[in-house]
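# Observations on the model geometry
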Amino acid sequence: MYGDVERRFDALLAEHGASLGRLAASYARAAGEREDLFQEIAIAIWQALPRFRGECSERTFLFRIAHNRGIAHIARRRLLTTDIDDRFEIEDVRPNPEQIVATGQQDQRLLEAVRQLPVAYRQVVTLTLEGLSYGEIAEVLGITESNVGARLTRARQMLRRQL
Amino acid sequence: MAADDELDAWRRQWQANEAIPSGLRQKVQRDTRTMRRGRIAEIANSVVWCGGSLALAIVVPRAEIIILAVGIWILVAIAWVTSFALTRGTWAPAAATATSFLELSILRSQRGLQALTAQCVLYVVILAFDLAWIYYFKRESDPWTFLTSNWMLSVWGVSAILAWVAVSYRRRLRRELDNLRALERDMKG
C-alpha cells in the first residue's frame, strides 16, 4: 500500500513537477520561498494521495491542492487583503531591466506580469497556461465555467496592459 | 495578433519557464554585469588611445607619430573584432530555462578561455610594436643594451606578473568550466 502511494506520488511529480514549479513561482517570487512552497505542495499531495479515489482527473486533483497551498502561502504573507475588483488598476510593476536582460526572454516578463494579477485572475490564467480546459479549471477552483471565462477575459486584458 | 494566437504564444512562453537554480541565475546575472562593465571599459580605452593618438598626430604631424597612431588604430580595431567575435551570442540565455542558463554559462566559460588566450597574444603584439617603435625612433643604444635597460627590466617584471595572473585566471576558468560540465551531466542524468 505504502509502496503504491510512493510510486504514484513519484510518477505524478515526474509528470507534473514542472507545472507545479511554475504554479509555485506564480505565488512566490524569491527562489527560496518558491522552493518552500513547492515542498509544501508536494507534502500536501503526499498526504492527500491515499484519499484520492479518482472522482476527478489526477491533474485537477493536483492543481486544486497546489492552488490551495498557494492561497495559504499568500494568506500567510498577508497579501490577500484586497478585493479583486479593487485591484483592476494594476500598477506598472515590471521586472527590473537587469532581470530582463539576464533572462533575456519574454518568459520572465510573462511570469512577472502573472504575479501582478489579483489572485482570482492569477489562478485562472496559470491553469489556462498549463493547458487545462474551462471545465477542469472550474472543477479545480470550485467556480462555474462561465465565471472562468469572465475571469480569463479580464485577466487577459490586464496581461496585455502589463506586457 | 488574434486572440487564440496570443494565448498560444503566452502558453509557450509560460511552459518554457522551468525552475532555474538560484545560484545559476545569479551567476548569469553577475557575469552579464561584468561583461557590460568590460564593454564600457573597452569603449573608454578605445576613446582614450584612438583619440589621444589622433590628437597627437594632428598636433605633431611627424612620420613616427603618424606610424604610432596608425599602429594604435589597427591594434584597437583587432581588439574590437576579437571582442565582438568572442561575446557574440553570450549576452543573454536563449530562453528562461535552467538548460539555457547552464548552456550560456558554459559558453561564457569557453569564450572566457579563448578571450584570455587572445588577450595574451594581443599583449605580446602590442609590446612588440611598442618596443620596435621606441627602438627605431628613439634609439640611443644597441638592442641588447636597450632590452636590458632599467626601464625595460621593469617592463619585463610587469609582464611576468601579468603572465602569472593570466595563468591563475586560466586555472580558475578551467575549474569553473569543469564544474559547469559536471552540473550539465547531472541535469541530463
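To be clear, the structure that these remarks concern was listed above.
The rules behind these values
Residues numbered from 1 in each chain as written. Chains lettered and ligands numbered in written order. Predicted model: local features only at pLDDT ≥ 70, side-chain atom pairs only at ≥ 80, totals over all residues. Heavy atoms only, no water. Helix = DSSP H or I, 4+ residues; strand = E, 2+ residues; numbered from the N terminus. Contact = heavy atoms within 4.5 Å. Salt bridge = Lys/Arg side-chain N within 4 Å of Asp/Glu carboxyl O. Buried < 20%, exposed > 50% of the residue type's maximum accessible area, 1.4 Å probe, protein only. 1 Å grid on protein atoms, 1.4 Å probe; cavity = no way out; pocket = protein on both sides within 12 Å on 5 of 7 lines; lining within 4 Å. Points joined across faces, edges and corners; volume = space filled by probe spheres on them. Nonpolar A, V, L, I, M, F, W, Y, C, P; charged D, E, K, R; others polar. Polar contact = N/O pair within 3.5 Å; in protein donor to acceptor, adjacent residues only side chain to side chain. Axes fitted to C-alpha atoms, helices over the stretch in contact; angles between N-to-C directions. Parallel < 35°, antiparallel > 145°, perpendicular 65-115°, else oblique. Patch = residues over 30% accessible without salt bridge, like charges linked within 9 Å, V, L, I, M, F, W, Y side chains within 5 Å. Areas by Shrake-Rupley, 256 points an atom, 1.4 Å probe, with all protein chains shown as cover. Core = buried A, V, L, I, M, F, W, Y, C linked by side-chain atoms within 4.5 Å. Domains from an automatic or database assignment.

Let's shift gears to the overall build of chain A. Counting its secondary structure elements, chain A contains 8 helices and 0 strands. The secondary structure elements of chain A, listed N-terminal to C-terminal, are α-α-α-α-α-α-α-α. For chain A, contacts bridging at least 24 residues in sequence account for 70% of all contacts bridging at least 6.

A few words now on the overall build of chain B. For chain B, the count of helices and strands is 6 helices and 0 strands. Walking chain B from its N terminus toward its C terminus, one meets helices and strands in the order α-α-α-α-α-α. For chain B, the proportion of contacts with a sequence separation of at least 24, taken over those separated by at least 6, is 72%.

All right, on to the pattern of salt bridges then. In this structure the tally under the stated criterion is 10 salt bridges over all chains. For Arg39(B), the salt bridge identified is with Glu42(B), shortest N-O distance 3.0 Å. Here the residue Arg39(B) and the residue Glu42(B) both occupy positions in helix α2 (residues 22-59), the gap between them amounting to 3 residues, near one helical turn. On the accessibility criterion, Glu42(B) (29% relative accessible area) is partly exposed. For the salt bridge of Glu64(B) with Arg62(B), the shortest nitrogen-to-oxygen distance reads 3.1 Å. Through salt bridges with shared partners, one network takes in Arg156(A), Arg160(A) and Glu6(B).

As a further point, take helix α6 (residues 119-129) of chain A. All names here are of chain A. Among the 11 residues that make up α6, 11 are buried, leaving the element largely enclosed by the rest of the structure. Every buried residue of α6 is accounted for by Val119, Ala120, Tyr121, Arg122, Gln123, Val124, Val125, Thr126, Leu127, Thr128 and Leu129. Once α6 ends, the next one or two residues include glycine 131, with phi positive near 95°.

Gaps left between atoms are located by rolling a probe of water-molecule size over the structure's atoms. Going through the model one piece at a time under the given rule, you end up with 2 cavities of 30 Å³ or more. By volume, the second largest cavity is sized at about 30 Å³. Every residue along the wall of the second largest cavity is listed here: Val125(A), Thr128(A), Leu129(A), Leu152(A), Arg156(A), Leu159(A), Leu7(B) and Trp10(B). For the lining of the second largest cavity, the secondary structure elements donating two or more residues are α6 and α8 (145-162) of chain A together with α1 (3-16) of chain B. Partitioning the lining of the second largest cavity into residue classes produces 6 nonpolar, 1 polar and 1 charged.

Here Thr126(A) is to be found in helix α6. When the C-alpha positions of Thr126(A) and Leu111(A) are compared, they lie 9.5 Å apart, and in sequence the two are 15 residues distant. Excluding residues that lie within four positions of it along the chain, Thr126(A) makes contacts with Ser26(A), His67(A), Val114(A) and Trp14(B). At 3.0 Å, the side chain of Thr126(A) and the backbone oxygen of Gln123(A) are in polar contact.

Attention shifts here to the packing of helix α7 (residues 134-141) of chain A against α8(A). Residues and elements named next belong to chain A. With their axes 8 Å apart at the nearest point, α7 and α8 run at an angle of 100° to one another. Between α7 and α8, the angle falls in the class roughly perpendicular. Counting all contacts with α7, which are made through Tyr134, Gly135, Ile137 and Ala138, the residues of α8 involved are Glu145, Val148, Gly149 and Leu152. Residues belonging to the contact of α7 with α8 are distributed by class as follows: 5 nonpolar, 2 polar and 1 charged.

The next subject is a nonpolar patch on the surface. Residues and elements named next belong to chain B. A cluster of nonpolar side chains, Leu54, Ile58, Val59 and Trp73, forms an exposed patch at the surface whose accessible area comes to about 440 Å². Ranked by residue count, the leading element in the nonpolar patch is α2, at 3 residues. Among the residues examined, isoleucine 58 registers a relative accessible area of 62% and is labelled exposed.

With that settled, the discussion passes to the nonpolar core. Counting 49 residues, the largest nonpolar core has Phe61(A), Val125(A) and Leu129(A) as its most contacted members. Taken together, the elements giving at least two residues each to this core come down to α1 (2-27), α2 (31-48), α3 (58-76), α5 (106-116), α6, α7 and α8 of chain A together with α1 of chain B. With 8 residues, the top contributor of residues to this core is α1(A). When residues of this core are assigned to domains, at least three fall in each of domain 1 (1-91) and domain 2 (104-163) of chain A. Every residue in contact with Val125(A), bar those within four places of it in the chain, is listed here: Val114(A), Leu117(A), Leu152(A), Ala155(A) and Leu159(A). Counting 10 residues, the second largest nonpolar core, distinct from the first, contains Phe101(B), Leu102(B), Leu173(B) and Leu177(B).

Purely geometric numbers; function is a separate question.
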